[in-house]
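One-letter residues, chain by chain:
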Amino acid sequence: SEVKEQCAQLLNDIRKADAATMKKSFSLKEGIFEELVTSAVSSITDPGTALVTGVQMLNDMLSPGYMPGRLYIWLGISGSFKSLMLLMSCYWIKKYNKIETTKTPTVLYITTENSIDESIIRLFNMSTTCGDIRQYLPEEVAGMMRDSGGLTLDDGDTDIVMQYYNNFEISTGDIYNIVDDLEDNNREVIAVVVDYIKRIRSISPTIDERIRLANVSNELKDLSVNLKIPVITAQQINRAGNMALDNASETGKEDLARFLGRGNIAQCWDIIENSDWCGILNIEVEKSSNIKYLTVKEIKKRYKSMTNITYFNQPFVDVDSIQMV
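What you are looking at is a predicted structure, and each value in this text was computed from that prediction instead of being measured.

Trainee: I'm lost on a nonpolar patch on the surface in this one. Help?
Mentor: A cluster of nonpolar side chains, contributed by Phe26, Leu28, Phe33, Val37 and Val41, occupies part of the molecular surface with about 470 Å² of accessible area. Its relative accessible area of 33% is what places Val37 among the partly exposed residues.

Trainee: I keep staring at a negative patch on the surface and nothing clicks. Help me out?
Mentor: On the surface, Asp180, Asp181, Glu183, Asp184 and Glu188 cluster together into a negatively charged patch. No other element matches helix α7 (residues 172-184), which puts four residues into the negative patch. Looking at the secondary structure, you find Glu183 in helix α7.

Trainee: I would appreciate a short explanation of the sheet that holds strand β3 (residues 159-164) in the present structure.
Mentor: In a beta sheet, neighbouring strands pair by backbone hydrogen bonds and run either parallel or antiparallel. Read from one edge of the open sheet, eight strands run β3-β2-β4-β5-β1-β6-β7-β8, paired in mixed fashion. A single partner strand is all that each edge strand has here, and the edge strands are β3 and β8 (311-315). The average angle at which neighbouring strand axes cross in this sheet is 20 degrees, direction not considered. Judged from the four bridges that link them, strand β1 (residues 71-76) and strand β6 (residues 277-285) form a sheet pairing that is parallel. Residue pairing across strands places Tyr72 opposite Trp277, the latter belonging to β6. The strands that helix α4 (residues 82-96) touches are β1, β2 (104-111), β3, β4 (187-195), β5 (231-236), β6 and β7 (292-301); relative to β5, the one it contacts most, it runs at about 165 degrees. Along the sheet face, α7 touches β2, β3 and β4 and points at about 150 degrees away from the line of β4.

Trainee: I tried to follow the pattern of salt bridges on my own but got confused; where do I start?
Mentor: Working definition: two side chains of opposite charge can pair if their charged atoms are close together. For the coordinates displayed, the defined rule picks out nine salt bridges. Of the charged contacts in the structure, one is a salt bridge between Arg187 and Asp159, with a shortest N-O distance of 2.7 Å. Taken together, the positions of Arg187 in strand β4 and Asp159 in strand β3 put the pair 28 residues apart, joining distant regions of the chain. Neither residue differs from the other here; Arg187 and Asp159 are each classed as buried. For Lys221, the salt bridge is made with Asp276, and the minimal N-O distance between the two is 2.7 Å. With Lys221 in helix α8 (residues 209-227) and Asp276 in the loop between α10 (270-274) and β6, this residue pair connects regions lying 55 residues apart in the sequence. For Lys221, a relative accessible area of 17% corresponds to the buried category.

Parameters at a glance
- Residues numbered from 1 in each chain as written.
- Predicted model: local features only at pLDDT ≥ 70, side-chain atom pairs only at ≥ 80, totals over all residues.
- Heavy atoms only, no water.
- Patch = residues over 30% accessible without salt bridge, like charges linked within 9 Å, V, L, I, M, F, W, Y side chains within 5 Å.
- Areas by Shrake-Rupley, 256 points an atom, 1.4 Å probe, with all protein chains shown as cover.
- Salt bridge = Lys/Arg side-chain N within 4 Å of Asp/Glu carboxyl O.
- Buried < 20%, exposed > 50% of the residue type's maximum accessible area, 1.4 Å probe, protein only.
- Lys, Arg positive; Asp, Glu negative; His and termini not counted.
- Charge placed at Lys NZ, Arg CZ, Asp CG, Glu CD.
- Helix = DSSP H or I, 4+ residues; strand = E, 2+ residues; numbered from the N terminus.
- Pairing = 2+ DSSP bridges.
- Axes fitted to C-alpha atoms, helices over the stretch in contact; angles between N-to-C directions.
- Contact = heavy atoms within 4.5 Å.

Written as structure tokens, this is what we have:
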């Protein structure tokens, strides 16, 4: 274990040195100026750089989707769709984006929360039907996920690679190694999704939980910049946020996520500071119609927005479904 820690720290130092030598400095000097301005404008205007979701309002809010070099953090109480949003983001990236590359475009989904079996069941329900997977034979499930779910891997299709690790089994530095291994097998990792930030280690060991979370979020941000891909993860809101939702619900109020804000992030303010975009999730059933909604409230955006909307409610297909309209 000690050797592994030393090797991980050494690899981190090497990455920092490599990143330092690769960083470009802006200048008005002829040649440098034109090159960097052209590169900046091209990265913003190229429609292929944004990985869109299956919800138009969310795409507008993200402006215009998950972008390379940015860290996205979803917040919510326990059972508020955080893990499902992370897995669904993988599915959306695969389903709604066509990636031009000579390699196999790949979304890396690292889960320390739900097992591979649990994630497959969720992927079945979000891509095909809300019905009980036990009603079908294994070959029927696979066929449905391929045919109606669109989980194919023909030439040019995006793959979803799902890997499970125990709590604190991997660090942010290990993610680099996983990406390197995938790219050695003719894959191009286009996004990294981590479920979730509290259950992975920092490259820099510490016993202080707050400092560890600050380090992990900072290192995930660096990973997104160094690999030029979006990194998407999640974190729980604090006890005060849970109590605010409970109190509002008990008094018959609706649109409960409006009662939450930046002050409700659990344990570490630096998580918000290090993120490029941060949003709160909550599931609510409208009493008058019995329609289930996913509420999304934006609380942080570091970049220019395409819309003034910072709050919306997206209906589910039905009360028992995890598929959204």
